[in-house]
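Report on the structure
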Amino acid sequence: EDQVTQSPEALRLQEGESSSLNCSYTVSGLRGLFWYRQDPGKGPEFLFTLYSAGEEKEKERLKATLTKKESFLHITAPKPEDSATYLCAADGNNRLAFGKGNQVVVIP
Amino acid sequence: DGGITQSPKYLFRKEGQNVTLSCEQNLNHDAMYWYRQDPGQGLRLIYYSQIVNDFQKGDIAEGYSVSREKKESFPLTVTSAQKNPTAFYLCASSDGGYRNEQFFGPGTRLTVL
């Protein structure tokens with residue numbers, strides 16, 4: 001069974017304090033790894049798709065990387081507006097398997 | 001602006017009632033999806049549809065039903081057979097299959113009284 005585990009579950013950062021979120025996956029034949037951002041009470045918003053180990057993608061203060069077993073979402077010099085839950089999803093066995101999310105709070 | 005709309009935003013249901021959640025998209029996407037989100041759990045797929053008049057069960061389809069009579073619409077009915085329907089329901093669409101970026105609607109929060 002495909003599994004996606006995200007850690008830490010919750011993270012509090014000071015504004016400007018860089019950190020990384022982890023997404024570990026157990027998927028047979030990974031075809032893609034997705035990152036989404038979700039604000040409270042709203043639908044997820046697409047951030048990145050990664051397809052192969054070694055691939056990296058960036059958007060503003062966010063950078064996503066992929067290895068054969070996990071993906072990282074690096075947040076560089078975060079601002080309060082980066083506060084959100086970040087969802088990871090792995091495309092494996094004809095489904096997207098979602099993790100439970102990393103809840104990030106950035107304190108001014 | 002293109003996007004996905006879901007209505008209502010909040011829905012309250014008495015036990016034993018069926019309710020229908022609306023999902024409409026104007027992105028001209030072929031594929032549409034329904035997910036359920038519970039606190040402390042990842043999104044779980046209820047149903048998905050790749051084309052009009054065709055849909056498949058996801059991982060937790062029991063107690064739910066859908067229809068896809070128009071490309072832009074994919075309503076979800078939560079039936080009385082669903083034992084624990086209180087949750088946040090998300091509709092999504094994608095251009096092509098699930099392997100492409102999915103665009104999500106704002107969600108409907110269903111509460112059973």
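Anyway, here's the lowdown on the structure attached to this text. (Residues numbered from 1 in each chain as written. Chains lettered and ligands numbered in written order. Predicted model: local features only at pLDDT ≥ 70, side-chain atom pairs only at ≥ 80, totals over all residues. Heavy atoms only, no water.)

**Brief notes about the nonpolar core**
Formally: Put simply, buried Ala, Val, Leu, Ile, Met, Phe, Trp, Tyr and Cys residues joined by side-chain atoms within 4.5 Å make one nonpolar core. Whether a residue is buried, partly exposed or exposed follows from its accessible area with a 1.4 Å probe, protein chains only, as a fraction of its type maximum: under 20%, in between, or over 50%, in that order. Per the convention used, a helix needs a DSSP run of H or I reaching at least four residues, while a strand needs a run of E reaching at least two, with both numbered from the N terminus.
The biggest cluster of nonpolar side chains holds 24 residues, and the ones touching the most others in it are Leu-21, Leu-33, Trp-35, Leu-73 and Tyr-86 of chain A. Put simply, the parts of the chain that give this core at least two residues each are β2 (10–14), β3 (19–26), β4 (32–38), β5 (45–50), β7 (62–66), β8 (70–75), β9 (84–91) and β11 (102–107) of chain A. Here this core takes 4 residues from β9 of chain A, the largest share from any one element. Met-32, Trp-34, Val-66 and Tyr-89 of chain B belong to the second largest nonpolar core, which has 20 residues in total.

**Structural notes on the sheet that holds strand β1 (residues 4–7) of chain B**
All names here are of chain B. Let me state the cut-off plainly: Here, strands pair whenever DSSP counts at least two bridges between them. All axes are obtained by fitting lines to C-alpha atoms, using only the stretch in contact for helices, and the reported angles, taken between N-to-C directions, cover 0 to 180 degrees.
Spatial strand order, β1-β3-β8-β7: 4 strands in an open sheet with antiparallel pairing. In this open sheet, the two strands that pair with only one neighbour each are β1 and β7 (64–66). The sheet shows a mean angle of 20° between the axes of neighbouring strands, direction not considered. As paired elements, β1 and strand β3 (residues 19–25) share 4 bridges and run antiparallel to each other. Residue pairing across strands places Ile-4 opposite Gln-25, the latter belonging to β3.

**Description of the sheet that holds β3 of chain A**
All names here are of chain A. Here we have 5 strands laid out as an open sheet, ordered β1-β3-β8-β7-β6, and antiparallel in their pairing. Edge positions in the sheet fall to β1 (3–7) and β6 (56–59), since each of these pairs with one other strand and no more. Adjacent strand axes in the sheet meet at a mean angle of 15° when their direction is disregarded. Inspection of the sheet shows β7 paired to β8 by 5 bridges, in the antiparallel sense. Considered in β8, the bridge of Ala-64 is made with Leu-73.

**Side note on the interface of chain A and chain B**
Note the cut-off: A contact between two residues is defined here by any heavy atoms of the two lying within 4.5 Å. Accessible surface is computed with a 1.4 Å probe, and the buried area is the amount of it that two parts give up when combined, taken over both parts together. Throughout this description, the term salt bridge denotes a Lys or Arg side-chain nitrogen within 4 Å of a carboxyl oxygen of Asp or Glu. Residues are grouped as follows: Ala, Val, Leu, Ile, Met, Phe, Trp, Tyr, Cys and Pro are nonpolar; Asp, Glu, Lys and Arg are charged; all remaining types, including Gly, are polar.
On the chain B side, the residues contacting the 19 residues of chain A number 22 residues. Counting the surface lost from both chain A and chain B, the interface buries some 1,600 Å², and carbon and sulfur atoms represent 53% of this. The three residues of chain A that bury the most area against chain B are Pro-44, Arg-95 and Phe-98 of chain A, which together make up 32% of that side's buried surface. At the boundary of chain A with chain B, the tally comes to 0 salt bridges. The element best represented in the side of chain A that touches chain B is β4 of chain A, accounting for 3 residues. Tallied by class, residues from the side of chain A that touches chain B come to 8 nonpolar, 6 polar and 5 charged.

**Quick word on the state of the cysteines**
All names here are of chain A. Selection criterion: Pairs of cysteine sulfur atoms within 2.5 Å are what we label disulfides.
Applying the stated criterion to the full structure yields 2 disulfides over all chains. Cys-23 shares a disulfide with Cys-88; S-S distance 1.9 Å. Note on the Cys-23 and Cys-88 pair: the S-S dihedral is about -60°, so by sign convention the disulfide is left-handed. Here Cys-23 is found in strand β3, whereas its partner Cys-88 is found in strand β9, with 65 residues between them in sequence. Accessibility classification places Cys-23 together with Cys-88 in one group, the buried group.

**Details of the pattern of salt bridges**
Residues and elements named next belong to chain A. Scanning all chains against the criterion turns up 7 salt bridges over all chains. One salt bridge connects Arg-61 with Asp-82, and the closest N-O pair in it is separated by 2.7 Å. Residue Arg-61 is located in the loop between β6 and β7, and its partner Asp-82 is located in the loop between β8 and β9; the two are separated by 21 residues in the primary sequence. With a relative accessible area of 5%, Asp-82 lands in the buried category.

**Side note on the packing of aromatic side chains**
The relative placement of two aromatic rings is captured by the distance of their centres and the angle of their planes. All names here are of chain B. The following threshold applies: By convention, a stacked pair of Phe, Tyr or Trp rings (six-membered ring in the case of Trp) has centres within 6.5 Å and planes under 30 degrees apart, an edge-to-face pair has planes over 60 apart, and any other such pair is tilted.
Counted under the stated rule, the structure contains 9 aromatic pairs over all chains. An angle of 65° between the planes, with centres 5.9 Å apart, marks the rings of Tyr-64 and Tyr-89 as edge-to-face. Pair noted here: Tyr-64 is in strand β7 and Tyr-89 is in strand β9 (residues 87–94), with a separation of 25 residues, a long-range link. Tyr-64 gets classed as buried once you look at its relative accessible area, which sits at 5%.

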